[in-house]
Amino acid sequence: MKTPDTAKTVSSATRQGAQILPFTFPARTNTACSEILARMLSGEVLTGMDGVFEVSTTRLAAHVHYLAESYGVPTEANDRAVGCNDGRVVTVKAYSLPHNVIQSARAAGAAPWIASVRADRAALRAKAAQAQAQAARMNAARKRHTPPGQGDLFVNGGAAC
C-alpha cells in the first residue's frame, strides 16, 4: 500500500476556514506538561527553577522536549545569565513559545484549554498538605539502616555536621 499524500488531504476544519495550530494540546490537563504549555501559551518564559518552584517539576527540559516531540509544540530555548546566591553568575536555558504561535493559539481558542489546565492544577495543589503529611508518615515508617562503621555519623537523625 502506498503512503497517502498528506499534502492533498484537506480537513473539514480547514474547509470551514478555521485556523489550524501547528501543534495539538495534551488531552490530560492535570499534568506538569500541560501546565508548562499553558504557561508558555500565556506568554511566560520558563527556566528550570521556575519548573521547580512554580510547576513542581525538576524536569522542565524533558517536558519541553516531550511537548515538541509528541505534540509538535515549536518551543524556543535561549540562554539567560542568572546571578546565584553564592556570588556566581551561571547561564541557564529559558524556554518560551514564538510570539506568532501564541497569537495563533489564542485566535484558535486556546483560552478554555488554558483555563482548564489552571483549574485542574489548582485542584491538585489543594491536596499538597495531605500529600506532604502522607510522605512524612511513609518516611517515618521506613527502617533506617546505619552503614557498617558509620554509626557515629548518624547522631541526631543524621545531622552530625
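Rules behind the numbers
- Residues numbered from 1 in each chain as written.
- Predicted model: local features only at pLDDT ≥ 70, side-chain atom pairs only at ≥ 80, totals over all residues.
- Heavy atoms only, no water.
- Phe/Tyr/Trp six-rings, centres within 6.5 Å; stacked < 30°, edge-to-face > 60°.
- Helix = DSSP H or I, 4+ residues; strand = E, 2+ residues; numbered from the N terminus.
- Buried < 20%, exposed > 50% of the residue type's maximum accessible area, 1.4 Å probe, protein only.
- Core = buried A, V, L, I, M, F, W, Y, C linked by side-chain atoms within 4.5 Å.
- Contact = heavy atoms within 4.5 Å.

Peer 1: Is there a simple way to explain the packing of aromatic side chains in this structure?
Peer 2: Centre-to-centre distance and the angle between the planes together describe a pair of aromatic rings. Using the criterion set out here, one finds three aromatic pairs in the structure. Ring plane angle 25° and centroid distance 4.7 Å describe the contact between Phe25 and Trp113, whose orientation is recorded as stacked. In this pair, Phe25 sits in the loop between helix 1 (12-15) and helix 2 (32-41) while Trp113 sits in helix 6 (residues 111-125), placing the two residues 88 residues apart along the sequence. The exposure class assigned to Phe25 is partly exposed, which follows from its relative accessible area of 26%. Arranged with centres 5.8 Å apart and planes meeting at 80°, the rings of Tyr66 and Tyr71 form a pair that is edge-to-face. Classification of Tyr66 as partly exposed rests on a relative accessible area of 41%.

Peer 1: What's the story with the nonpolar core in this structure? I'm lost.
Peer 2: Soluble globular proteins tend to pack their nonpolar side chains together in the buried interior. In this structure, Ile36, Leu37 and Leu41 are the most contacted members of the largest nonpolar core, which totals 23 residues. For this core, the secondary-structure elements that each account for two or more residues are helix 2, helix 4 (60-71), helix 5 (99-107) and helix 6. If one sorts the elements of this core by residue count, helix 2 sits on top with seven residues. Leaving out residues up to four positions away in the same chain, Leu37 has contacts with Phe23, Phe25, Pro26, Leu67, Val73, Leu97 and Trp113.

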